[in-house]
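Residue-level listing of the chains:
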Protein chains: 2
Amino acid sequence: MFTFRRPKVRLEVPRLRPRNEAAQVPRISLAELTPELLPYLGQAAYIQLSLFESLSRVVIDAPTVAFKQDLGPAAGQALDKHQRLVAAIRREVDDPAAIMQPFAAAIDAYREVITGANWYESLASIYVSAGILDDFFELLAAGLPGGASPQIVHILDADSGRSAIATILTDAIAADPRLGSQLAMWARRIVGDTILITRSAVHLTGNSQSDEQKMEPVLTEVIAAHTRRMDGLGLTA
Amino acid sequence: MFTFRRPKVRLEVPRLRPRNEAAQVPRISLAELTPELLPYLGQAAYIQLSLFESLSRVVIDAPTVAFKQDLGPAAGQALDKHQRLVAAIRREVDDPAAIMQPFAAAIDAYREVITGANWYESLASIYVSAGILDDFFELLAAGLPGGASPQIVHILDADSGRSAIATILTDAIAADPRLGSQLAMWARRIVGDTILITRSAVHLTGNSQSDEQKMEPVLTEVIAAHTRRMDGLGLTA
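Residues numbered from 1 in each chain as written. Chains lettered and ligands numbered in written order. Predicted model: local features only at pLDDT ≥ 70, side-chain atom pairs only at ≥ 80, totals over all residues. Heavy atoms only, no water.

Participant: Any chance you could explain the interface of chain B and chain A here in plain terms?
Facilitator: Put simply, an interface is often sized by how much accessible area is lost when its parts join up. Taken together, the contact between chain B and chain A spans 27 residues of the former and 26 residues of the latter. In terms of surface lost to chain A, no three residues of chain B exceed Ile 60, Val 65 and Gln 69 of chain B, which account for 30% of the buried area on that side. The interface formed by chain B and chain A holds two salt bridges in total. Between Lys 68 of chain A and Glu 53 of chain B there is a salt bridge; the shortest N-O distance is 2.9 Å. Among the elements that make up the side of chain B that touches chain A, the one with the highest residue count is helix α2 (residues 65–90) of chain B (13 residues). Classifying every residue of the side of chain B that touches chain A gives 15 nonpolar, seven polar and five charged. (Contact = heavy atoms within 4.5 Å. Buried area = accessible area lost by both parts, 1.4 Å probe. Salt bridge = Lys/Arg side-chain N within 4 Å of Asp/Glu carboxyl O. Helix = DSSP H or I, 4+ residues; strand = E, 2+ residues; numbered from the N terminus. Nonpolar A, V, L, I, M, F, W, Y, C, P; charged D, E, K, R; others polar.)

Participant: Explain the packing of α2 of chain B against helix α3 (residues 96–113) of chain B to me, please; I cannot follow it from the model alone.
Facilitator: When two helices pack together, their arrangement is given by the angle between the helix axes and the distance between those axes. All names here are of chain B. Direction vectors running N to C along α2 and α3 enclose 115 degrees, while the axes themselves pass 9 Å from each other. Where α2 approaches α3, its residues His 82, Val 86, Ile 89 and Arg 90 are matched on the opposing element by Pro 96, Ile 99 and Met 100. Of the residues contributing to the contact of α2 with α3, the split by class is five nonpolar, one polar and one charged. (Axes fitted to C-alpha atoms, helices over the stretch in contact; angles between N-to-C directions.)

Participant: So what exactly am I meant to see when it comes to the packing of aromatic side chains here?
Facilitator: Each aromatic ring pair is characterised by the separation of its centres together with the angle its planes make. For the structure shown, the criterion picks out nine aromatic pairs over all chains. For the ring pair Phe 136 of chain A and Phe 137 of chain A, a centre distance of 6.0 Å and an interplane angle of 80 degrees mean the geometry is edge-to-face. Residue Phe 136 of chain A is classed as buried on the basis of its relative accessible area of 0%. Seen in terms of ring centroids, Tyr 40 of chain B and Phe 137 of chain B are 5.5 Å apart; in terms of plane orientation they differ by 50 degrees. Their pairing is tilted. With Tyr 40 of chain B in helix α1 (residues 37–61) and Phe 137 of chain B in helix α4 (residues 119–141), this pair connects stretches of sequence that are 97 residues apart. Each of the two residues, Tyr 40 of chain B as well as Phe 137 of chain B, counts as buried. A network of ring pairs unites the aromatic residues Tyr 40, Phe 136 and Phe 137 of chain A as a single cluster. (Phe/Tyr/Trp six-rings, centres within 6.5 Å; stacked < 30°, edge-to-face > 60°. Buried < 20%, exposed > 50% of the residue type's maximum accessible area, 1.4 Å probe, protein only.)

Participant: What exactly am I supposed to notice about the nonpolar core here?
Facilitator: For soluble globular proteins, nonpolar side chains are generally found buried alongside one another. In terms of nonpolar packing, the biggest core is built from 158 residues, with Phe 136 of chain A together with Phe 136 of chain B touching the most fellow members. Among residues more than four places away in sequence, those in contact with Phe 136 of chain A are Thr 198, Ala 201, Val 202, Met 215, Val 218, Leu 219 and Val 222 of chain A. (Core = buried A, V, L, I, M, F, W, Y, C linked by side-chain atoms within 4.5 Å.)

Participant: So what exactly am I meant to see when it comes to the relation of the copies chain B and chain A here?
Facilitator: For the pair of chain copies, the relating operation is a rotation around an axis with a shift along it. The transformation that overlays chain B on chain A combines an axial shift of 0.0 Å with a rotation of 180 degrees, and the residual RMSD is 0.0 Å. In the structure described here, the two chain copies are related by an operation that fits a two-fold rotation axis. Looking at the interface residues of chain B, 96% of them are also at the interface in chain A, so both copies use one shared face. (Least-squares fit on C-alpha atoms with pLDDT ≥ 70 in both.)

Participant: Could you clarify how one ought to interpret the confidence of the model for chain A in this entry?
Facilitator: Low pLDDT means the predicted coordinates in that region are not meant to be read closely. Residue and element names in this part refer to chain A. Confidence in the prediction for chain A averages 85 pLDDT; 87% of positions are at 70 or higher. Every residue in residues 18–27 scores below 50 in pLDDT, and together they form 22 contacts with partners more than four places removed in sequence or on other chains. Two numbers describe this predicted complex: its pTM, 0.79, and its ipTM, 0.71. (pLDDT = per-residue confidence, 0-100.)

Participant: Would you explain the packing of helix α4 (residues 119–141) of chain A against helix α6 (residues 162–175) of chain A in this entry?
Facilitator: All names here are of chain A. At a closest axis distance of 10 Å, the pairing of α4 and α6 adopts a crossing angle of 140 degrees. Relative to α6, the element α4 lies oblique. The two elements α4 and α6 cross, and the hand of that crossing is left-handed. Contact residues: Trp 119, Tyr 120, Leu 123, Ala 124, Ile 126, Tyr 127, Ala 130, Gly 131 and Asp 134 in α4; Arg 162, Ile 165, Ala 166, Ile 168, Leu 169 and Ala 172 in α6. Tallied by class, residues from the contact of α4 with α6 come to twelve nonpolar, one polar and two charged. (Parallel < 35°, antiparallel > 145°, perpendicular 65-115°, else oblique. Left-handed = near helix turned anticlockwise from the far one by under 90°.)

Participant: Where do I start with the side chain of Arg 229 of chain B in this structure?
Facilitator: All names here are of chain B. As for its position among the elements, Arg 229 is in helix α8 (residues 208–233). On the basis of relative accessibility, which here comes to 7%, the residue Arg 229 falls in the buried class. At 3.2 Å, the side chain of Arg 229 and the side chain of Asp 135 are in polar contact. (Polar contact = N/O pair within 3.5 Å; in protein donor to acceptor, adjacent residues only side chain to side chain.)

Participant: I keep staring at helix α7 (residues 177–201) of chain A and nothing clicks. Help me out?
Facilitator: The end-to-end C-alpha distance of α7 of chain A, which contains 25 residues, comes to 36 Å, matching closely the 36 Å that a straight helix rising 1.5 Å per residue would cover. Put simply, Asp 176 of chain A is the residue that caps the front of α7 of chain A, since its side-chain oxygen is 3.1 Å from the backbone nitrogen of Arg 178 of chain A. (Expected span 1.5 Å × (residues − 1).)

Participant: Got a minute to help me understand helix α5 (residues 148–156) of chain A in this structure?
Facilitator: Three or four residues apart is the spacing at which side chains of an α-helix point the same way, because the helix has 3.6 residues per turn. Residue and element names in this part refer to chain A. Among the residues of α5, those classed as buried are Ala 148, Ser 149, Ile 152, Val 153, Ile 155 and Leu 156. Around the axis of α5, the buried residues are gathered within 160 degrees of arc, so they sit on the same side. Opposite the packed face of α5, turned more than 90 degrees from it, sit the exposed residues Pro 150 and His 154. (Arc of directions from axis to C-beta.)

Participant: What's the story with the pattern of salt bridges in this structure? I'm lost.
Facilitator: A complete count under the given rule lists 16 salt bridges over all chains for this structure. The network of salt bridges with common partners includes Glu 53, Asp 108 and Arg 111 of chain A together with Lys 68 of chain B.

Written as structure tokens, this is what we have:
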């Protein structure tokens, strides 16, 4: 779906921390794509709230008490990211809900779409979605004005309890290869919907050729990190 | 349903912090009622997990983004209490899930029973349930062996985001007196089910007269605190 092509330019923005490998990932520029601070924060905060809600559902529906307990901290981390982003909004304006509101309908719809037909699909959705969106918003933060960027990157860079999710998925896939095929197929569907959310987050010029050129290296990097996460689960992205 | 009768004895255990008033609440003894450390922690931890799940549902179903944001921290606090209690279990044994498991079915059933017919009923349930159960387990902690008690009281004594819940309920009741009557009636139903959970948590001798004598002052104090919270909402308990 996306090819891993190495852009020729090296610009000044930070790259994502490589996760579980030392691969060199190219530095890319996102400043022109980053929206104004408040819409950026509003959408990022609502995405974390939505991830929290999805994680709460998998905690509620978890088939065992042990899974509930393993996944609770992941829900807590998404909530913590939400609250820190809300605090950042509140430093600018009094009503964070008004800043998040414009993004609520699209993200609520997205959350419904990525709700799986069963518990493992829903868990895989969260793993795919949180991975891509956290990485994307972290890259996008590089274009934020003033001193906002390092603080936001620090908020989004927290682990998100992903290791607990990965362990549960890896164990289940190892025990049932058919589940692995099913989740690999499901994850591919989720990626498309998730990329749509990333597109809605950027400031586009309306010149589609130019916009594509700017987005491509970002998506290439984000998808490469996603592919590594799928590899880690034993799935083909 | 329960009368507020002042026991004649003053023993050594701490009383609940008076909430919003300086009423003198009698000190009561619970040492004989407190179960062994691990079952105590297992039930308390699972109750907090269950409260977290209920709070997550009201966040998910909240009618406005502002309510979602107000209630998120309450969910986070219940989860935090759960995780700290799990950490206390882990200091004793390797498998906290096994310690919580025996309580899962009864508490899951209780959570279903207290799920309201609408969003405000569910929110009121959480307010009633978290208030009574946190207070009760806090009092019960006084009977724990060794140095466990102060640490557990410290965990349970956190505010639980109750002020955010109280504000939402108070505003809604003030705006719609019919809702107030409905919630007052609903809260009375919830109290009975919640008291059943407290009874399942204590170590009873089987001598029902003696057991009632021990339980009564505890329940009196817990219900008095509950009544003050209902008064605070403008409801008759």
